[in-house]
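Spelled out, the chains give:
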Amino acid sequence: MALLTPEDLENLLDKLEYNEKVIKKVTGFEIKQICEETYGTFPDSEVVGIVPVTSGNGIIDNFTASLAAIVNHFGLKGFVTEHTDISGYNEAVSRRADIIMMADDHIFIAHNLKNGKISTNHECTGIIYSEIAARYLHADSTDILVIGLGRVGYAGASHLAKKGFNVYACDPNIEFLEKAVKELGVKPYERNSGKKFSMIMEATPCKDTISEGMVSDRCLVSTPGIPCGLPENIGKKYKVDMVMEPLVIGVASMLYSVF
Ligand SMILES: NC(=O)C1=CN([C@@H]2O[C@H](COP(=O)(O)OP(=O)(O)OC[C@H]3O[C@@H](n4cnc5c(N)ncnc54)[C@H](O)[C@@H]3O)[C@@H](O)[C@H]2O)C=CC1
Ligand SMILES: N[C@@H](CCCCNC(=O)[C@H]1CCC=N1)C(=O)O
Ligand SMILES: [Mg+2]
C-alpha cells in the first residue's frame, strides 16, 4: 500500500494553486466546476469532522491537518478531533459533524452522516483524474490511455468507459487487465504498437511508466501516481501538459461525491 509521506504533504496548497492553473489552461474549467458537473452536487456549508487513526503504520504527520486545510480551502468548516480512533469518531459526532473523514492504511473515506453517502479516496481520485484527462482541449480523438488498473486506475478506466471514451489500458498484472477488458471493454495497450495518445491517465506507484512511443505531440498526462510516471526528458521533448498532485484534488472529489 503506497502511503503518503510527510514530504508529499509539504507546500500542499502551493502545489494545488499550480495545478489549478494547469487544469484551467488545459480543460477551460476550474476544479470545483469539474467536481460539480461530475457528481451533480455543490457544497452547502457542511461541517467536516476529521479523525486521526492510529492503526497499522499509524498517524502520518500533517495528514489530518492537511485535510482540514483542504476542507477550508473549498469553503467548508473542517476540524480535526482531539482524540483519535473511536474516541475521535465519537467526538466528531458529538461536535455535530455532517461529514466524517478518516483513513487507515488501506481505505480513506468520506461519510456524510446526513444523507448516508460514503466514498473512498481511491475511487474518487480515479474518477477526477480521468475526468480531467477526458476534458483536454487539444485531444486529437476519443482515444485515452490508462496506465495502471489498480484501485485508482480501474475506477478511472470505468468512469471513462461509461462516458464512451475509447479506453486503452496497460498493467503488468494480467488479472487486472483481463478484468478491465472483460468488464469495461477496454483495449489492451501494446507498448510497441506505435499507437500514440493525446490523453493519458497514469495511476501507478512507479516512476517513468510513460514511454516516448505513447505520447502524441500535444498530450495531457493526468496522474495521481506517486512518484511521477512522466520522465523529465519526454515532458520537455514533446508539448506535454501534466496535472500531478499528491492529495488535494482527490479529496475535493471525495467531498463532492458525498454532498
Ligand atoms: N494523488 C492522489 O490524490 C492519490 C495518489 N495515489 C497514488 O496513486 C498510485 C496508485 O494507487 P493505487 O491504485 O491504490 O495502487 P495499486 O497498487 O492498487 O495499483 C497500482 C497498479 O499499477 C500497476 N503498475 C505498476 N507498474 C506499472 C507499469 N509500469 N505500467 C502499468 N501499470 C503498472 C500495478 O500492477 C497495479 O495494478 C499510488 O502511487 C498511490 O500512492 C493514491 C490515492 C490518491
Ligand atoms: N491513519 C493516518 C492516515 C493514513 C493515510 C494512508 N493513506 C494514504 O496515504 C493514501 C491517501 C491518499 C494517498 N494515499 C492518520 O490518520 O494520520
Ligand atoms: Mg490528488
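Note that this is a predicted model, so its numbers are computed, not measured.

Rules used in this analysis
- Residues numbered from 1 in each chain as written.
- Chains lettered and ligands numbered in written order.
- Predicted model: local features only at pLDDT ≥ 70, side-chain atom pairs only at ≥ 80, totals over all residues.
- Heavy atoms only, no water.
- Phe/Tyr/Trp six-rings, centres within 6.5 Å; stacked < 30°, edge-to-face > 60°.
- Helix = DSSP H or I, 4+ residues; strand = E, 2+ residues; numbered from the N terminus.
- Buried < 20%, exposed > 50% of the residue type's maximum accessible area, 1.4 Å probe, protein only.
- Lys NZ or Arg CZ within 6 Å of the ring centre and 35° of its normal.
- Domains from an automatic or database assignment.
- Contact = heavy atoms within 4.5 Å.
- Salt bridge = Lys/Arg side-chain N within 4 Å of Asp/Glu carboxyl O.
- Nonpolar A, V, L, I, M, F, W, Y, C, P; charged D, E, K, R; others polar.
- Pairing = 2+ DSSP bridges.
- Right-handed = clockwise from strand over helix to strand, strands pointing away.
- Donors = N, O, S within 2.8 Å, 3.2 Å for Na, K, Ca; no water.

A.B. asks: Describe the packing of aromatic side chains, with residues and values.
C.D. replies: The description of an aromatic ring pair rests on the distance of the ring centres and on the angle between the ring planes. One pass over the structure, following the stated rule, counts four aromatic pairs. Judged by centre distance (5.4 Å) and plane angle (70°), the ring pair of Phe63 and Phe108 falls under edge-to-face. Taken together, the positions of Phe63 in helix H3 (residues 63-73) and Phe108 in strand S4 (residues 108-112) put the pair 45 residues apart, joining distant regions of the chain. Take Phe63 and Phe108: they sit in the same class, and that class is buried. An aromatic cluster is built from Tyr168, Tyr189 and Phe197, whose rings are joined through pairwise contacts. Between Lys187 and the ring centre of Tyr168, over which it is positioned, the NZ or CZ distance is 5.3 Å. Sitting above the plane of the Phe197 ring, Lys195 keeps its charged end 5.2 Å from the centroid.

A.B. asks: For the domain arrangement of the chain, give the residues involved together with the corresponding values.
C.D. replies: Each assigned domain of the chain is listed here: domain 1 (12-121 + 250-258) and domain 2 (123-244). For domain 1 versus domain 2, the distance between C-alpha centres works out to 25 Å. The partner domain 2 presents 18 residues to the 22 residues of domain 1 that form the contact. Joining domain 1 to domain 2, the criterion identifies two salt bridges. Two residues, Arg135 and Glu37, come together in a salt bridge whose shortest N-O distance is 2.9 Å. Elements represented by at least two residues in the side of domain 1 that touches domain 2 include exactly helix H1 (12-27), helix H2 (31-39), strand S5 (118-120) and helix H9 (248-258). Taken together, the residues of the side of domain 1 that touches domain 2 sort by class into nine nonpolar, eleven polar and two charged.

A.B. asks: If you had to explain the pairing of strand S7 (residues 166-170) to someone new, which residues and values would you point to?
C.D. replies: Counting buried positions along S7 gives four out of five residues, so the element sits mostly inside the fold. Sheet analysis places strand S6 (residues 143-147) next to S7, joined by five bridges and oriented parallel. Note that in S7 the partner of Ile147 across the bridge is Cys170. Running through helix H6 (residues 151-162), the crossover from S6 to the neighbouring parallel element S7 is right-handed. Alignment of S7 against strand S8 (residues 187-188), held across two bridges, turns out to be parallel. Considered in S8, the bridge of Tyr168 is made with Lys187. In this view, the connection linking S7 to its parallel neighbour S8 by way of helix H7 (residues 174-184) has right-handed handedness.

A.B. asks: Now, about the coordination of the magnesium ion (ligand 3): what can you tell me, with residues and values included?
C.D. replies: Ideal values for angles at a metal depend on the geometry: 109.5 degrees with four tetrahedral donors, 90 or 180 degrees with six octahedral donors. Taken together, Tyr129 (OH) and Glu245 (OE) make up the protein donors of the magnesium ion (ligand 3), found 2.5 to 2.7 Å from the metal. You can see Tyr129 sitting in helix H5 (residues 121-134) and its partner Glu245 sitting in the loop between strand S11 (239-244) and H9, a full 116 residues away along the chain. Across the pair, Glu245 and Tyr129 agree in class, each one buried.

A.B. asks: So what about the pattern of salt bridges? Which residues, and what values?
C.D. replies: Considering all chains together, one arrives at 14 salt bridges under this definition. Where Arg135 meets Glu131, a salt bridge forms, and the shortest distance between an N and an O atom there is 2.6 Å. Accessibility classification places Arg135 together with Glu131 in one group, the buried group. Measuring nitrogen to oxygen at the nearest pair gives 2.6 Å for the salt bridge that ties Asp143 to Lys195. Highlighted residues: Asp143 in strand S6 and Lys195 in the loop between S8 and strand S9 (197-202), separated in sequence by 52 residues. On the basis of relative accessibility, which here comes to 14%, the residue Asp143 falls in the buried class. Overlapping salt bridges bring together Glu37, Glu131, Arg135 and Lys163 as one network.

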